[in-house]
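A look at the structure
Listed below are the residues making up each chain.
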Amino acid sequence: MISVSTALSIISKIRYTPNPKTVLLKDANGLNLGEDIISQIHMPPFRQSAMDGYALLLHDKNSYQIIGEVKAGDSQNYLLKPGQGVRIFTGARVPDDANTVVIQERVNRSENTITIDSEIHPNQNIRAIGEQIKEGDTALIKGTKLTPAGIGFLAGLGVTKVAVYAPPNVAIITTGNELITPGEKLKEGKIYESNSIQLETVLEQLHIKEINKYVVQDEYESTKETIRQAINDNDLVLISGGISVGDYDFVKEALSELHTEELFYKIKQKPGKPLFFGINNKTMIFALPGNPASSLTCFYIYVLPIIQKMMGINAIGLNRTTKIITKDFVKKGDRAQFLKAKVSGETVEILEGQSSAMLYTYAIANALVYVPEHIDNIEKGKSAETILLPI
Ligand code: AMP
Ligand code: MG
């Protein structure tokens, strides 16, 4: 059995070089750019009016003759003499000769003449060509995580496809004779299967779309064959349950038989002691304990940094901070603990009901308090390491 810090250091040393893959811009949200994006155009591509008003060629009087109109999208240019101008609208092309745009609120118009009631200066309300970015300049650098704003920015430069670090294909293998799919009738001795949907949704939150689900009974041969298949078809395999030491837990034996390189098995922690991590033919494998709260905690603490590596993201796991605890905490046993908790402002409340089988507490938690192996209690008012859940 190894400590939490040893397990995390094994995870941190895993090397993974993700390959960039070209995807449609609209499918790139949440993914990291695998290339620098160079702008193919000036943005804006022409001198653009920033307001509704009048584009003028200034002279020394405050009245101007209006000789035409330019709407957004018009391509026409007007030749202006000093003292002339055009009606113009936001986003429209400013005539080459105009040297300022005066907003309509400052203007009195009578027929084709306007008078301006305040001082005006050159170069007002005109967005210069390439003001946002120039052709040939780098729009976003490799490694930038694309957000809706980033996607909008690139679309504004005419980009339709980008190379990103594509998320891994992930297998979820559920083991357990006792499991029934929600929607079916519950029978004696059975429970509803909840780990796979939990893992699937947390993967989807990470923008992973290719998820292959497998179900096996607690039976050696089919467990082994299913794991073999999942390793062949996926970059990351998550196995739920069957990794403990019971007579019907076959995952560990199957993984060994398939020549999986074991990187660790069993961590001195609560929940999630029987966690297994290994590699088989470049596929990363986690066998997660079946208890629903253990399974999710192991995912957040150990699987997430590996997925971040696979997606070219800084592999730091969830955000960690310190918060003041609201009640005395006394640890039972000598394992490190991840406790379901609720952060509110600068404080954190460790919730009642920490059993690894109990999901209600997790469902209302927004954080995990981490109590390392060597700490036995934390007094109310003292600070505790707090891991913020992505809710
Ligand atoms: P195991 O790790 O297979 O020994 O399972 C530990 C506990 O978690 C048992 O009480 C199982 O019934 C429960 N469990 C295992 N897999 C699931 C699952 N997919 N959904 C809900 N509970 C599960
Ligand atoms: Mg089981």
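Everything below is about the structure shown above.
Residues numbered from 1 in each chain as written. Chains lettered and ligands numbered in written order. Predicted model: local features only at pLDDT ≥ 70, side-chain atom pairs only at ≥ 80, totals over all residues. Heavy atoms only, no water.

A look at the packing of aromatic side chains
The condition is simple: The criterion for an aromatic pair is that two Phe, Tyr or Trp rings (for Trp, the six-membered ring) have centres within 6.5 Å, with stacked assigned to planes under 30 degrees apart, edge-to-face to planes over 60 apart and tilted to the rest. Note on exposure labels: buried denotes an accessible area under 20% of the residue type's maximum, exposed denotes more than 50%, and partly exposed covers the range between, all computed with a 1.4 Å probe on protein chains only. The way it works is that DSSP assigns letters per residue, a run of H or I at least four long becomes a helix, a run of E at least two long becomes a strand, and they are numbered from the N terminus.
Applying the stated rule across the entire model yields eight aromatic pairs. Their ring planes at 85° and their centres at 6.4 Å tell us that tyrosine 248 and phenylalanine 250 sit as a pair that is edge-to-face. Classification of tyrosine 248 as exposed rests on a relative accessible area of 58%. Aromatic side chains phenylalanine 264 and phenylalanine 277 sit 5.5 Å apart centroid to centroid with 55° between the ring planes, which places their arrangement in the tilted category. A residue pair is termed long-range when its members are at least 10 positions apart, and phenylalanine 264 in strand β18 (residues 261-265) and phenylalanine 277 in strand β20 (residues 276-280) qualify at 13 residues. Just as phenylalanine 264 is buried, phenylalanine 277 falls in that class too.

Focus: the packing of helix α1 (residues 4-13) against helix α6 (residues 292-310)
Counted only if it meets this: Lines fitted to the C-alpha atoms define the axes, with helices restricted to the stretch that makes contact. Angles between their N-to-C directions range from 0 to 180 degrees. Comment on the angle field: the value is read as roughly parallel under 35 degrees, roughly antiparallel over 145, roughly perpendicular from 65 to 115, and oblique elsewhere. Rotating anticlockwise by less than a right angle from the far helix to the near helix defines a left-handed crossing, while the corresponding clockwise rotation defines a right-handed one. Working rule for contacts: check all heavy atoms of both residues, and any pair within 4.5 Å makes them a contact. Side-chain classes are defined by residue name, with Ala, Val, Leu, Ile, Met, Phe, Trp, Tyr, Cys and Pro counting as nonpolar, Asp, Glu, Lys and Arg as charged, and the others, Gly among them, as polar.
For the pair α1 and α6, interaxial distance at closest approach is 10 Å and the crossing angle is 15°. On the basis of their axis angle, the class for α1 and α6 is roughly parallel. When you trace α1 past α6, the crossing you get is right-handed. Touching Val4, Ala7, Leu8, Ile11, Ser12 and Lys13 of α1 are Ile301, Tyr302, Pro305, Ile306 and Lys309, all from α6. A breakdown of the residues in the contact of α1 with α6 according to their chemical character gives eight nonpolar, one polar and two charged.

Looking at the packing of helix α3 (residues 195-205) against α6
At a closest axis distance of 11 Å, the pairing of α3 and α6 adopts a crossing angle of 30°. Of the possible angle classes, the one that applies to α3 and α6 is roughly parallel. Crossing hand, α3 versus α6: right-handed. For the pair formed by α3 and α6, the contact residues are Asn195, Gln198, Leu199, Val202 and Leu203 on the first element and Pro292, Ser295, Leu296, Phe299, Tyr300 and Ile307 on the second.

Let's talk about the side chain of glutamine 337
What counts is decided by this rule: Side-chain atoms alone can form a polar contact between residues adjacent in sequence; in general such a contact is a pair of N or O atoms within 3.5 Å, and within protein one must be able to donate a hydrogen while the other accepts it.
Mapping glutamine 337 onto the fold places it in strand β24 (residues 336-344). For glutamine 337, a relative accessible area of 7% gives the class buried. Within the local environment of glutamine 337, its side chain forms a polar contact with the backbone oxygen of lysine 332, the two atoms lying 3.4 Å apart. Leaving out residues up to four positions away in the same chain, glutamine 337 has contacts with Lys270, Phe329, Lys331, Lys332, Val369, Tyr370 and Val371.

Details of the site of ligand 1
As a reminder of what qualifies: By convention in these notes, a residue is near a molecule or strand provided one of its non-hydrogen atoms lies within 4 Å of it. With residues, only the protein chains shown are counted as cover, and all accessible areas are computed by Shrake-Rupley using a 1.4 Å probe.
Around ligand 1 lies a shell of 15 residues, among which Glu178, Glu193, Ser194, Gly242 and Gly290 are the nearest. Side-chain polar atom of glutamate 178 to an oxygen atom of ligand 1: 2.5 Å apart, as the coordinates give it. Contact with the protein chains removes 78% of the 480 Å² of surface that ligand 1 exposes when unbound. Its residues placed into classes, the shell around ligand 1 shows five nonpolar, eight polar and two charged.

Some remarks on the sheet that holds strand β6 (residues 84-88)
Within a beta sheet, neighbouring strands are joined by backbone hydrogen bonds and run either parallel or antiparallel to one another. We apply this condition: Note: two strands are recorded as paired if DSSP finds a minimum of 2 bridges between them.
With mixed pairing, the six strands of this open sheet are ordered in space as β7-β4-β6-β5-β9-β8. Two strands close off the open sheet at either side, each with one partner strand: β7 (100-103) and β8 (107-110). For this sheet, the mean angle separating the axes of adjacent strands, direction not counted, is 35°. By the bridge criterion, four bridges tie strand β4 (residues 53-56) to β7 in an arrangement that is antiparallel.

Topic: the nonpolar core
Selection criterion: Residues enter a nonpolar core if they are buried and are Ala, Val, Leu, Ile, Met, Phe, Trp, Tyr or Cys, with the set joined through side-chain atoms within 4.5 Å.
Counting residues in each nonpolar core, the largest one holds 60 residues, and the members touching the most others are Leu154, Val162, Leu238, Phe286 and Tyr302. For this core, the leading source of residues is α6, giving 12 residues. One finds Ala230, Ile231, Ile243 and Ala254 within the second-largest nonpolar core, a separate group that totals 20 residues.

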